[in-house]
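So you can see what is in the structure, the chains are spelled out below.
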Amino acid sequence: MNSRPLPTLPVLPDAACEQVLASGLLPELAYAFGGPFHFLLPDAFDTNLRAMQDALASAGVDGFVYFAKKANKAAVFVERAAAGGAGVDVASVAELREALGHGVRGEHLVVTGPAKDPALLHLAVQHGALVAVDALDELDALVTTALTGRVRPARILLRVLPTAQPHSRFGLSDTELATALDRCVQAGDAVHMEGFSFHLSGYALQPRADLAARLVDLCLKARVQGLEATRISIGGGLPISYSDADSWHGFLAEQNSGHYHAGKTFHTGDFYPYHSPVAGAEALAALLATRPESCEQPLAALLRDAGVQLLLEPGRALLHQAGATVFRIQGVKDRDGYRILTVDGTSLSLSEQWFNSEYLPDPFLLAQDTAGPVGTFPASVGAATCLESDMLTWRKIPFRTAPRVGDLLVYPNTAGYQMDSNESPFHDLALPPKVVIDHTDRPRPRWRLDRHFT
């Protein structure tokens, strides 16, 4: 084991989460559920959404925010999106139906994803949802659906293959785009071609501004062909910050294989950027202020001058500080100067582990006995399965008190993609329920089960 102190990654302060941790509610819920669970803080979702809407308004940009439902299955976030004047990004029949059932208007849905099921396309047209078309045969299917149903036209965006990611399996090439535009013209009233969309991997702002400017230019050219083309979607990819800059850069500089169970090796590029100089709504504001390559104006001015509405589909950025995940320690084992904790769930509830990466923010330890010794007690965290690879935390976390059986581990800020992207009832373990905390400002927070699970 290294003689140097183990690196840590403390999360940014969050008063609502801290109130729940201090309330005494979590041990009672752990006892009641008899297994791991997630708690949700929907007020944070409301705050994040308002901040993004304010960023659009401050930049003088006509914009509309869709919540990317794939980031979290909970119904409460769909409900809050509808109440807050946002839409929802869906990619399956079940997601579309649930969004409608929880109050989202059909015209406030955008349907994304590859090779969409015919039933999904039919429902999208019937309810007036916007569809991001990913292939020519999908466009043909939408035209047929609109002509057959004779209820309303198909509302579409054409998804563009980014030149920076030419090997992506998503989007239309330049040749396919030209063909698609011709087919939209030929389809007449059966199709409303409202504009273009893209999605970029990574979190850099300049490539997004460059590609957004290209889509604005495509809108102007499509209008010459008689098409509506008044909207562009830039997808998601707005980063959030889990930790402060010093902690994050210090962690990256210090971490090595000796800090992980079994000498596990991670490269810095394997990790999500747990700190970003600008994050969430500030990242959106910075994007709008970015000048695309070969342009004399910032992106916001290009959008205004062209009369183009900006659509965006954030998931993680709307879910910042909107929930956490709780496990109970059910086993403690000593191993060569550190401990291996086994909890009552699996790493499927921390999805980062299943992308050859690690969910790095330090978990909180809620000890049953607060009178124990204080010091440094390194421990990695394993799951209650028979798989060597099923580790919630490979790194050795330097806990200040000794973790014991019955104590709780709370992984903070897990609402964005971590909670349930990969959850499954492996070993017939029950899926962790989601608990909605409605009032964190009370001495005793009020809670209920999320409607998605009832």
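Rules used throughout
- Residues numbered from 1 in each chain as written.
- Predicted model: local features only at pLDDT ≥ 70, side-chain atom pairs only at ≥ 80, totals over all residues.
- Heavy atoms only, no water.
- Helix = DSSP H or I, 4+ residues; strand = E, 2+ residues; numbered from the N terminus.
- Rg over C-alpha atoms; globule rule 2.2 N^0.38 Å.
- Buried < 20%, exposed > 50% of the residue type's maximum accessible area, 1.4 Å probe, protein only.
- Contact = heavy atoms within 4.5 Å.
- Pairing = 2+ DSSP bridges.
- Polar contact = N/O pair within 3.5 Å; in protein donor to acceptor, adjacent residues only side chain to side chain.
- Phe/Tyr/Trp six-rings, centres within 6.5 Å; stacked < 30°, edge-to-face > 60°.
- Lys NZ or Arg CZ within 6 Å of the ring centre and 35° of its normal.
- Disulfide = S-S within 2.5 Å.
- Axes fitted to C-alpha atoms, helices over the stretch in contact; angles between N-to-C directions.
- Salt bridge = Lys/Arg side-chain N within 4 Å of Asp/Glu carboxyl O.
- Left-handed = near helix turned anticlockwise from the far one by under 90°.
- Nonpolar A, V, L, I, M, F, W, Y, C, P; charged D, E, K, R; others polar.

Draft legend 1. Quick look at the overall build of the chain. If you tally the helices and strands in the chain, you get 12 helices and 17 strands. Taken over the C-alpha trace, the chain has a radius of gyration of 24 Å; the compact-globule value for 454 residues is 22 Å, and the two agree within 12%. Based on the C-alpha atoms only, the size of the chain along its principal axes is roughly 75 × 45 × 40 Å. Burial statistics for the chain: of 454 residues in total, 56% are counted as buried. For the chain, the proportion of contacts with a sequence separation of at least 24, taken over those separated by at least 6, is 72%.

Draft legend 2. A look at the pairing of strand β13 (residues 374-382). In this sheet, β13 lies alongside strand β11 (residues 338-343) in parallel orientation, the contact comprising 4 bridges. Note on β13: the bridge partner recorded for Ile340 is Ser380. Of the strand pairs in this sheet, β13 and strand β14 (residues 391-401) are connected by 6 bridges, and their pairing is antiparallel. Among the inter-strand pairings, Phe377 is bridged to a residue of β14, identified as Phe399.

Draft legend 3. Layout of the environment of Val435. Inspection of the secondary structure assignment puts Val435 in strand β16 (residues 434-439). The exposure class of Val435 is buried, given its relative accessible area of 0%. For the pair Val435 and Asp450, spaced 15 residues apart in the sequence, the C-alpha separation amounts to 5.8 Å.

Draft legend 4. Main features of the side chain of Arg231. Residue position: Arg231 is located in strand β8 (residues 231-233). Judged by its relative accessible area of 11%, Arg231 is buried. Residues within four places of Arg231 in sequence aside, it is in contact with Tyr66, Leu130, Arg155, Leu157, Glu194, Gly195, Phe196, Cys219, Val308, Gln309 and Leu311.

Draft legend 5. Up close: the side chain of Glu138. Looking at the element boundaries, Glu138 is found in helix α7 (residues 136-149). Of the polar contacts made by the side chain of Glu138, one reaches the backbone nitrogen of Asp134; its length is 2.9 Å. Sequence-distant contacts of Glu138, that is, excluding residues within four places in its chain, are made with Gly113, Pro114, Ala115, Lys116, Leu121, Ala132 and Val133.

Draft legend 6. Summary view of the packing of aromatic side chains. Counting across every chain of the model gives 18 aromatic pairs. Look at Phe67 and Phe77: their rings are 6.3 Å apart centre to centre, the planes differ by 65 degrees, and that puts the pair in the edge-to-face class. Placement of Phe67 in strand β2 (residues 63-68) and of Phe77 in helix α4 (residues 75-83) is noted, with a sequence separation of 10 residues between them. An identical accessibility class is assigned to Phe67 and Phe77; each is buried. Ring geometry for Phe327 versus Tyr411: centroids 5.8 Å apart, planes at 85 degrees, classification edge-to-face. In this pair, Phe327 sits in strand β10 (residues 323-335) while Tyr411 sits in strand β15 (residues 408-411), placing the two residues 84 residues apart along the sequence. A relative accessible area of 0% places Tyr411 in the buried class. Here a set of aromatic residues connected by ring pairs shows up, and it is made of Tyr203, Tyr242, Trp248, Phe251, Tyr260, Phe266, Phe271, Tyr272, Tyr274 and Tyr359. Between Lys264 and the ring centre of Trp394, over which it is positioned, the NZ or CZ distance is 4.8 Å. Lying across the ring of Tyr338, Lys396 places its NZ or CZ 4.4 Å from the centre.

Draft legend 7. Structural context of the state of the cysteines. The final tally for this structure, using the stated rule, is 0 disulfides. Summary of cysteine pairing: Cys184 is not part of a disulfide, and the nearest cysteine sulfur, belonging to Cys219, is at 12 Å.

Draft legend 8. Spotlight on the sheet that holds β8. Taken in spatial order, the 8 strands close into a barrel running β2-β3-β4-β5-β6-β7-β8-β9, and their pairing is parallel. On average, each strand axis in the sheet is tilted by 30 degrees relative to the strand beside it, whichever way the strands run. As paired strands, β2 and strand β9 (residues 309-312) are joined by 3 bridges and run parallel to one another. Counted as the bridge partner of Gly63 is Leu310 from β9.

Draft legend 9. Up close: the pattern of salt bridges. Counted according to the given criterion, the structure contains 20 salt bridges. Among the ionic pairs, Arg183 bridges to Asp140, the shortest N-O distance being 2.9 Å. Highlighted residues: Arg183 in helix α8 (residues 174-187) and Asp140 in helix α7, separated in sequence by 43 residues. Between Arg448 and Asp438 there is a salt bridge, with the nearest N and O atoms lying 2.8 Å from each other.

Draft legend 10. Focus on the packing of helix α3 (residues 42-58) against α4. Contact geometry for α3 and α4: axes closest at 10 Å, N-to-C directions at 40 degrees. Crossing geometry of α3 relative to α4 is assigned as right-handed. On the side of α3, the interface is formed by Pro42, Asp43, Phe45, Asp46 and Leu49, while α4 contributes Val76, Phe77, Arg80 and Ala81. Taken together, the residues of the contact of α3 with α4 break down into 6 nonpolar, no polar and 3 charged.

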